Amino acid sequence: MPRLRLTLAYVGTNYNGWQRQIQNGVELPTVQGLVEKEISRICNTKIHLQGSGRTDSGVHADCQVAHCDIPEDKTKLNWQLALNTALPPDIRIRNFALVSDTFHALFDVEKKAYTYSLWLNRDFVPPKLYPFTWVCGELDLKAVDAAIPYLQGEHDFSFVQNQGTELHSTVRTLYEIKRSNFEEQIKNDPNNFELKITFIANGFLKQMVRNLIGLLVACGKGKIAAQNIPDLINGKDRKKSPPTAPPQGLTMSQIWYNNAE
């Protein structure tokens, strides 16, 4: 069967994450579940949609990639139009393509990026941004910058992995952590207190980014010194790291693949 690749964007607020879930015999609202349902309806047969990775409940995506196999007679369909017409407005198909049947949305991933939005002023938050950021208050950005180099590179990230997924290895390579130029931004717009931090890695553990954000915020508030981070890494104890950051500030922002597709 021909293989269809979809790139999706969605607001995760109303969904129990990406992955299809059944609880007490009832299917919960998930992005995968809704999109699969519409593809299956269009194809008049049960279709399985494979994503590039999971996003938790309340987490968003600007670039989630998925694939599925479709009947031959559906290859000429405008899948973007067909699905966006049927799906709720908080789930959108950005683009689609027919790809090689060897392409795999999960296994072919080279690296991924997640971006987290923080708001550094508790006095006022733009209402339109409030559902998509963590209002953490003022941070010492020099302390945040001092912490970042300790986290980059190849590490056992079990100290920032929440329970719930069995894995062969908790070692990942965090290629880069980069933050927006808050200092320049606030000079140009004294009311813009949004700080964005992007993480690029070859893979992420369960709620790893939200836990790394919790750690960086703790550093920015003087609760943890940057030079103590190696001890946290080597300790491999999630309980000794700061609490998990809330989901609404997190967005799956980019995915790179090992092949041209």
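Structure: above.
Residues numbered from 1 in each chain as written. Predicted model: local features only at pLDDT ≥ 70, side-chain atom pairs only at ≥ 80, totals over all residues. Heavy atoms only, no water.

### A short note on the pairing of strand S10 (residues 171-179)
Piece 1. Where strand S9 (residues 153-156) meets S10, four bridges bridge the pair, whose relative direction is antiparallel. Its bridge partner lying in S10, His155 is registered against Arg172.
Piece 2. Pairing analysis gives five bridges linking S10 to strand S11 (residues 194-201), with the strands arranged antiparallel. Looking at S11, one finds that Arg179 is bridged to Ile197. (Pairing = 2+ DSSP bridges. Helix = DSSP H or I, 4+ residues; strand = E, 2+ residues; numbered from the N terminus.)

### Considerations on the pattern of salt bridges
Piece 1. For the structure shown, the criterion picks out seven salt bridges.
Piece 2. With a closest N to O distance of 3.7 Å, Asp156 and Lys236 form a salt bridge. Placement of Asp156 in strand S9 and of Lys236 in the loop between helix H6 (229-235) and strand S12 (250-257) is noted, with a sequence separation of 80 residues between them.
Piece 3. The class of Asp156 is buried, set by a relative accessible area of 19%.
Piece 4. Salt bridges here are not isolated pairs; linked through shared partners, they connect Asp145, Arg179 and Glu183. (Salt bridge = Lys/Arg side-chain N within 4 Å of Asp/Glu carboxyl O. Buried < 20%, exposed > 50% of the residue type's maximum accessible area, 1.4 Å probe, protein only.)

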